[in-house]
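Each chain is listed here by its residues.
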Amino acid sequence: MLFSVPGDDTEYNDAERARCASLVCSGRAINSLHLSAVTEPVDAGKLLISEAISGKLHPTNASMASDINYQDGPDFSRRDESPAEDEPIHSPGSPRQTEYERIGGRTGSSFLQTLIHLLKGNIGTGLLGLPLAVKNAGLVLGPLSLLAMGIVAVHCMNLLVRCAHHLSAKMGKPFLSYGDAVEYGMENVSWLSRHSLWGRRVVNMFLNITQLGFCCVYFVFLSDNVKQVVETANGTTGNCHNNQTAVIVPSYDSRLYMLFFLPFIIVLVFIRNLKYLAPLSLVANISMCVSLVLIYYYCLTNIPYPINLPLAGRGVDYPLFFGTAIFAFEGIGVVLPLENKMQNPRNFTTVLYLGMGIVTTLYISLGTIGYIGFGEHIRGSITLNLPLCWLYQAVKLLYSFGIYITYALQFYVSAEILIPPAVARCGPRWALMVDLSIRVALVVLTCALAILIPELDLVISLVGSVSSSALALIIPPLLQIITFHNEDMKLWVMVKDIGISLIGFVGFVAGTYISIQEIVARNSSRHNGTHLQLL
């Protein structure tokens, strides 16, 4: 199988395609919840997918998407080759390259387009779980912690951009992905240089965990919301002021709903060309935007008085807050590809601060008013607390449709990291069979994990604690240290970076431990409850 890169007449075979995937894939895929999103791996595929979810995918680009273009702009995935003559590449450390010339150029994204992409890359599934996160932290401590986490997350994004700028100038590269930056940064340290390739591998591992973790969350979200709509259908009314249902029809276990969705999701991921998903993604984005507005409206118009909620939660629950909150700040992988595609990358810092300011405001506001509105009864997704009237039942179904489409976009990224190396090892005769088999296996894996952990809030917290904390908090400060350690780096900067990484590591350990502990406890309780019903 051969594939080509826009602007390049060279054809590449499967082995080179696999190499391209292993070298370039990093970033975050698409999380199209509400506004949809460019989330994590494959820096190249990210903005191509972004065009797909906004319904603006050009037919030429769409046809290439099925064969995969891994890089934003010209192909630099094969590091032993030089870019074309018209590409802005200079010798390492040259004066022109220190200006960090970008691939996007005049045809890149405008200020507003980049801002929208940044918002899409950060507003994701975690937003709906933030009211429960605030409950775990407390009415005052929760919003303050979200504000602090937002400030630190923006700082780490800025660190990643600065390190990529410095390393790209040093290595004579016009663009570095997240994995590239970590690998080249490790080459700056003599005792790490021999193992620098592992830096890329570790980043890609966490990116894959994040993407497949999103897919697990989507299975749980779909089953919980559709199950609630089905069970309360007979009692659903047009009165949204009285949150009561006259008749609740007993339904199947949520895990059976996951099995019901399994074949439909398998069929969905068989669509390997993004142009066929673009119209559906556009509809999903609009429907989820409308749903988000309705959720805000209900929460703001149903704030109870007086408010008698704890100002600070239990200490043992705070790691669960950490996991959910860091899961929500999921857009660090889109930072480099967005900055690379910008017409004027010097303005990216302004875009970053403005966009993340909006994101943090949304997180704090929905988390706070959602917790105030539903109090101790808040659930893993705020949609499950909405009134059982037709309007808000429609909100759940609209979100479920959006999540269904988003699964394919999230899955697209991990598939393009994992499938090409396997396809390259088999003959053309078996390439399609191997491709489809791996897709089925990955979907079944995410479904099986969701069935094992059918608790939406705990899945979100676990994924956030394990992978998001590493990508957003632990790695960027360490990358700054290894990048600038031999260039008169100030002591307080190094102490600050170590402190942020330690906070991320503590959150990683504590959040993972508490999440697993809660998962075991709830599964035991569920098992005991089922056993008593049988008796």
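Residues numbered from 1 in each chain as written. Predicted model: local features only at pLDDT ≥ 70, side-chain atom pairs only at ≥ 80, totals over all residues. Heavy atoms only, no water.

**Some thoughts on the pattern of salt bridges**
Right, on to step 1. Evaluation of the coordinates by the stated rule reveals 10 salt bridges.
Right, on to step 2. Ionic pairing is found between Glu183 and Arg200, a salt bridge with its closest N-O pair at 2.6 Å. Taken as a pair, Glu183 in helix 7 (residues 178–186) and Arg200 in helix 9 (residues 196–231) lie far apart in primary sequence, 17 residues in all.
Right, on to step 3. Its relative accessible area of 4% is what places Glu183 among the buried residues.
Right, on to step 4. Members of the salt-bridge network, linked through shared partners, are Asp180, Glu183 and Arg200. (Salt bridge = Lys/Arg side-chain N within 4 Å of Asp/Glu carboxyl O. Helix = DSSP H or I, 4+ residues; strand = E, 2+ residues; numbered from the N terminus. Buried < 20%, exposed > 50% of the residue type's maximum accessible area, 1.4 Å probe, protein only.)

**Description of the nonpolar core**
Right, on to step 1. Formed by 129 residues in total, the largest nonpolar core has its most connected members in Phe219, Ile295, Tyr407 and Val443.
Right, on to step 2. The biggest single contributor to this core is helix 17 (residues 456–484), with 16 residues.
Right, on to step 3. If we skip the residues at most four places from it in the chain, Val443 touches Phe219, Leu262, Ile265, Ile266, Val269, Tyr407 and Phe411. (Core = buried A, V, L, I, M, F, W, Y, C linked by side-chain atoms within 4.5 Å. Contact = heavy atoms within 4.5 Å.)

**Considering empty space enclosed by the protein**
Right, on to step 1. In the structure shown here, the tally under the stated rule is 3 cavities of 30 Å³ or more.
Right, on to step 2. When its volume is computed, the second largest cavity comes out at roughly 40 Å³.
Right, on to step 3. If you trace the second largest cavity, you find it lined by Val269, Ile271, Leu277, Ala408, Phe411, Tyr412 and Arg439.
Right, on to step 4. Tallying contributions element by element places helix 15 (residues 390–424) first for the lining of the second largest cavity, with 3 residues.
Right, on to step 5. Across the lining of the second largest cavity, the residue classes break down as 6 nonpolar, no polar and 1 charged. (1 Å grid on protein atoms, 1.4 Å probe; cavity = no way out; pocket = protein on both sides within 12 Å on 5 of 7 lines; lining within 4 Å. Points joined across faces, edges and corners; volume = space filled by probe spheres on them. Nonpolar A, V, L, I, M, F, W, Y, C, P; charged D, E, K, R; others polar.)

**Some details on the packing of aromatic side chains**
Right, on to step 1. Going through the model one piece at a time under the given rule, you end up with 11 aromatic pairs.
Right, on to step 2. Taking the centre distance of 5.2 Å and the plane angle of 40 degrees together, the rings of Tyr318 and Phe321 count as tilted. In this pair, Tyr318 and Phe321 are both assigned in helix 12 (residues 318–328), 3 residues apart and thus about one turn of the helix distant.
Right, on to step 3. According to the relative accessible area criterion, Tyr318 is partly exposed, its value standing at 29%.
Right, on to step 4. Between the aromatic rings of Phe329 and Tyr363, the centroid separation amounts to 4.9 Å while the plane-to-plane angle is 75 degrees, which identifies the pairing as edge-to-face. (Phe/Tyr/Trp six-rings, centres within 6.5 Å; stacked < 30°, edge-to-face > 60°.)

**So, helix 17**
Right, on to step 1. Its 29 residues place the ends of helix 17 41 Å apart at the C-alpha level, agreeing with the 42 Å of an ideal helix rising 1.5 Å per residue.
Right, on to step 2. The axis of helix 17 is deflected most strongly, by about 55 degrees, at Ser469. (Expected span 1.5 Å × (residues − 1). Bend = angle between axes of the 7 residues up to and from the residue.)

**Observations regarding the side chain of Thr383**
Right, on to step 1. Mapped onto the fold, Thr383 is located in the loop between helix 14 (348–374) and helix 15.
Right, on to step 2. On the basis of relative accessibility, which here comes to 0%, the residue Thr383 falls in the buried class.
Right, on to step 3. Side chain to side chain, Thr383 and Ser381 meet in a polar contact 2.7 Å long.
Right, on to step 4. When near neighbours in sequence (up to four residues on either side) are disregarded, Thr383 contacts Leu128, Phe221, Asn225, Gln228, Ile295, Lys396 and Tyr399. (Polar contact = N/O pair within 3.5 Å; in protein donor to acceptor, adjacent residues only side chain to side chain.)

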